[in-house]
Amino acid sequence: MSFYQNTGAAVSGADHRRKWDVNEFQAKANERLAEEKATLEAKKSKEKPKGPKPRRELLQARDEKVDLVSKVGKQVTINKSTATEESGGFYCELCECSLKDSINYLDHINGKNHQHKLGYSMKVKRSTVDDVVNRFAAKKAELLQKNKMKDAKEEEEAVKEEQAKMADLRRQKQEIHRKRHHKEEEEAEGEEPEDEMAKMMGFGGFNSTKKPR
């Protein structure tokens, strides 16, 4: 059987060119386009779920302190059985990913995907005039409180310094009194032998210009 008999194409006259069924191939092309369109729509439906988008809260300042220095200078042994969160670097439990340095970790926790998983959008609240006034008032009250604490601390230090000066002065006075008393005792001990010698010689006492105390 010839090629044309196998393919179903007829030969007419001197025309040896192959003939194609236009309607058949047009139907196949339309079917292929429909399949590609359905595949593309299914892929889009998986990426973007149907229904309204979840409402997220406005971006807020972080309350907790980000720990970046607790592992500095520490050595960790890593092997095949080591868990991902203990394999060094910084680990995000929410996103279940490990980052090797602090810069990438900060970029990650401040990024869009991480904030979306926390339930926040990347939009911030627009401050009003009242918000600014209240913020200034809070900062002013905080500054006054710090000044009061500083004044109280300075006053306490001044009192302690004055007490230390008074204690030092009392100590000096006691030292002067002790030296004076010691000198008087020495002078009294030096006068006693002269009085005894005068009695032995029959005198009432040696004449002295020193007045009795």
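Residues numbered from 1 in each chain as written. Predicted model: local features only at pLDDT ≥ 70, side-chain atom pairs only at ≥ 80, totals over all residues. Heavy atoms only, no water.

**Let's talk about the overall build of the protein**
For the protein, the helix and strand inventory stands at 5 helices and 4 strands. Sequence-ordered secondary structure for the protein, helices as α and strands as β, is α-α-β-β-β-α-α-β-α. Per-residue burial for the protein yields a buried fraction of 7% across its 213 residues. Taking the intrachain contacts of the protein between residues at least 6 apart in sequence as the baseline, contacts between residues at least 24 apart amount to 34%. Carbon and sulfur atoms form 53% of the exposed surface of the protein, whose accessible area is close to 20,300 Å². (Helix = DSSP H or I, 4+ residues; strand = E, 2+ residues; numbered from the N terminus. Buried < 20%, exposed > 50% of the residue type's maximum accessible area, 1.4 Å probe, protein only. Contact = heavy atoms within 4.5 Å. Areas by Shrake-Rupley, 256 points an atom, 1.4 Å probe, with all protein chains shown as cover.)

**Some thoughts on the confidence of the model for the protein**
Detail in the predicted coordinates should be disregarded across regions flagged by low pLDDT. Averaged over the protein, the pLDDT score is 79; the fraction of residues at 70 or greater is 77%. Taking the mean pLDDT of every element in the protein, the minimum, 53, falls on helix α1 (residues 3-7) and the maximum, 91, on helix α3 (residues 102-109). (pLDDT = per-residue confidence, 0-100.)

**Notes on the packing of aromatic side chains**
Any two aromatic rings considered together are summarised by their centre-to-centre distance and by the angle between their planes. As enumerated under the stated definition, the model contains 1 aromatic pair in all. Where phenylalanine 90 meets tyrosine 105, the ring centres are 5.1 Å apart and the plane angle is 20°; that geometry is what we call stacked. With phenylalanine 90 in strand β2 (residues 90-92) and tyrosine 105 in helix α3, the pair connects residues that are 15 residues apart, well separated along the chain. Taken as a pair, phenylalanine 90 and tyrosine 105 share a single burial class, namely buried. A cation sits over an aromatic face here: lysine 28 above phenylalanine 25, 5.2 Å from the ring centre. (Phe/Tyr/Trp six-rings, centres within 6.5 Å; stacked < 30°, edge-to-face > 60°. Lys NZ or Arg CZ within 6 Å of the ring centre and 35° of its normal.)

**Section: the UniProt feature "domain: U1-type" (unreviewed entry) in the protein**
Those places that UniProt annotates as "domain: U1-type" (unreviewed entry) correspond, in this numbering, to residues 87-121. A distance of 31 Å separates the end C-alpha atoms of residues 87-121, which is 43% helix and 23% strand. (UniProt positions renumbered as here; feature names shortened; annotations may be inferred.)

**Some thoughts on a negative patch on the surface**
Among the surface-exposed residues, Asp151, Glu154, Glu155, Glu157, Glu161 and Glu162 lie close enough to one another that they form a single negatively charged patch. Here glutamate 155 shows up in helix α5 (residues 129-200). For glutamate 155, a relative accessible area of 56% gives the class exposed. (Patch = residues over 30% accessible without salt bridge, like charges linked within 9 Å, V, L, I, M, F, W, Y side chains within 5 Å. Salt bridge = Lys/Arg side-chain N within 4 Å of Asp/Glu carboxyl O. Lys, Arg positive; Asp, Glu negative; His and termini not counted. Charge placed at Lys NZ, Arg CZ, Asp CG, Glu CD.)

**Points about unusual backbone geometry**
At glutamate 96, a residue that is not glycine, the phi angle is positive and equals roughly 55°. Note that glutamate 96 resides in the loop between β2 and β3 (97-99).

**Side note on the pattern of salt bridges**
Under the criterion given, the structure shown has 6 salt bridges. We note a salt bridge from glutamate 156 to lysine 160, for which the minimum N-O separation is 3.6 Å. Of this pair, glutamate 156 and lysine 160 both sit in helix α5, separated by 4 residues, roughly a single helical turn. Glutamate 156 gets classed as partly exposed once you look at its relative accessible area, which sits at 45%. The class of lysine 160 is exposed, set by a relative accessible area of 52%. Each of Lys139, Glu142 and Lys146 takes part in salt bridges that share partners, so that together they form one network.

**Some details on the side chain of histidine 108**
Within the secondary structure, histidine 108 is located in helix α3. Apart from the residues lying within four places of it in its own chain, the contact partners of histidine 108 are Cys92, Cys95, Cys97, Leu99 and His114.

**Comments concerning the environment of lysine 123**
As for its placement among the helices and strands, lysine 123 is situated in strand β4 (residues 120-124). Take lysine 123: its relative accessible area is 61%, and that puts it in the exposed class. The spacing of lysine 123 and glutamine 60 is 63 residues in sequence and 9.2 Å in space, taken between C-alpha atoms. Setting aside its immediate chain neighbours within four residues, lysine 123 contacts Leu58 and Leu59.

**Notes on α3**
Considered for burial, the residues of α3 that qualify are Tyr105, His108 and Ile109. Each buried residue of α3 sits inside an arc of 90° when the element is viewed along its axis, so together they form one side. Pointing more than 90 degrees away from the buried face of α3 are the exposed residues Ile103 and Asp107. Tucked inside the fold, the buried residues of α3 contact β2, β3 and α4 (112-118). Its side-chain oxygen at 3.2 Å from the backbone nitrogen of isoleucine 103, aspartate 101 defines the N-terminal cap of α3. (Arc of directions from axis to C-beta. Polar contact = N/O pair within 3.5 Å; in protein donor to acceptor, adjacent residues only side chain to side chain.)

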